[in-house]
Amino acid sequence: MFEWMAWTTPVAVFFTCIVLMLFGMTMWEIKSPTSLRRGFLPMETTRGDRLFIGLLSAAYVNLAFVGISGKLAEWMELETEPSIWISFVISMAVLTLIMRKG
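Residues numbered from 1 in each chain as written. Predicted model: local features only at pLDDT ≥ 70, side-chain atom pairs only at ≥ 80, totals over all residues. Heavy atoms only, no water.

Undergrad: Describe the pattern of salt bridges, with residues and values.
TA: According to the stated counting rule, one finds one salt bridge in the structure shown. Between E29 and R47 there is a salt bridge, with the nearest N and O atoms lying 3.3 Å from each other. Of this pair, E29 sits in helix α1 (residues 9–31) while R47 sits in helix α2 (residues 47–75), and the two are 18 residues apart along the sequence. Note on E29: relative accessible area 32%, which makes it partly exposed. By relative accessible area, R47 is classed as buried at 9%. (Salt bridge = Lys/Arg side-chain N within 4 Å of Asp/Glu carboxyl O. Helix = DSSP H or I, 4+ residues; strand = E, 2+ residues; numbered from the N terminus. Buried < 20%, exposed > 50% of the residue type's maximum accessible area, 1.4 Å probe, protein only.)

Undergrad: Residue-level account of the side chain of S87, with values.
TA: In this structure, S87 sits in helix α3 (residues 84–101). Within the structure, the side chain of S87 is placed 2.8 Å from the backbone oxygen of I84, a separation counted as a polar contact. Excluding residues within four positions of it along the chain, S87 makes contact with V61, N62 and F65. (Polar contact = N/O pair within 3.5 Å; in protein donor to acceptor, adjacent residues only side chain to side chain. Contact = heavy atoms within 4.5 Å.)

Undergrad: Would you mind going over the nonpolar core in detail, with residue names and values included?
TA: By size, the foremost hydrophobic cluster in this structure holds 10 residues: F14, I18, M25, L51, L55, A58, F88, M92, L95 and M99. Of the residues forming this core, the biggest block, four residues, is contributed by α3. If we ignore the near neighbours within four places in the chain, the residues touching A58 are F14, S91 and M92. (Core = buried A, V, L, I, M, F, W, Y, C linked by side-chain atoms within 4.5 Å.)

Undergrad: Before we move on, could you go through unusual backbone geometry and cite the residues and values that matter?
TA: Look at E77: it is not a glycine, yet its phi comes out positive at around 55°. With respect to the helices and strands, the residue E77 is situated in the loop between α2 and α3. Judged by its relative accessible area of 72%, E77 is exposed.

Undergrad: Describe α1, and please don't skip the residues or the numbers.
TA: Taking 1.5 Å as the rise per residue, α1 with 23 residues should run 33 Å; its terminal C-alpha atoms sit 33 Å apart, in good agreement. Burial in α1 covers these residues: P10, F14, I18 and M25. Looking at the buried residues of α1, the elements they touch are α2 and α3. (Expected span 1.5 Å × (residues − 1).)

Here it is, written out as C-alpha cells:
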C-alpha cells in the first residue's frame, strides 16, 4: 500500500509529529477556544491558521532541501548528500516561529 513512498525514519518522524500536533491542537481548541491575533503574518490568525501555515511552510522547507541536497553535496564537496534530519530541524524551527510569533 505504501510502496510508492520512501518511508525513511525522518519521514516517519515528520508525519508522526504532524499527527501529534493536529491531535494536540484539537484538544487545546476544545479546552480553550482561540481568538484572532496579529503577529508578523500580514493578517489576523487563529492558532489553527498558524498551524496550517506553519505545516505548509515546513513541507516546503523539506521539499526544497530534498531538491537542493544534491547540489549542496556538490558545492560543499561532501562525499554523500546532507542528512534529511537537517531539513527536519529547520522545518520544525520554522513551524515553531510561525506558531509563536506569526
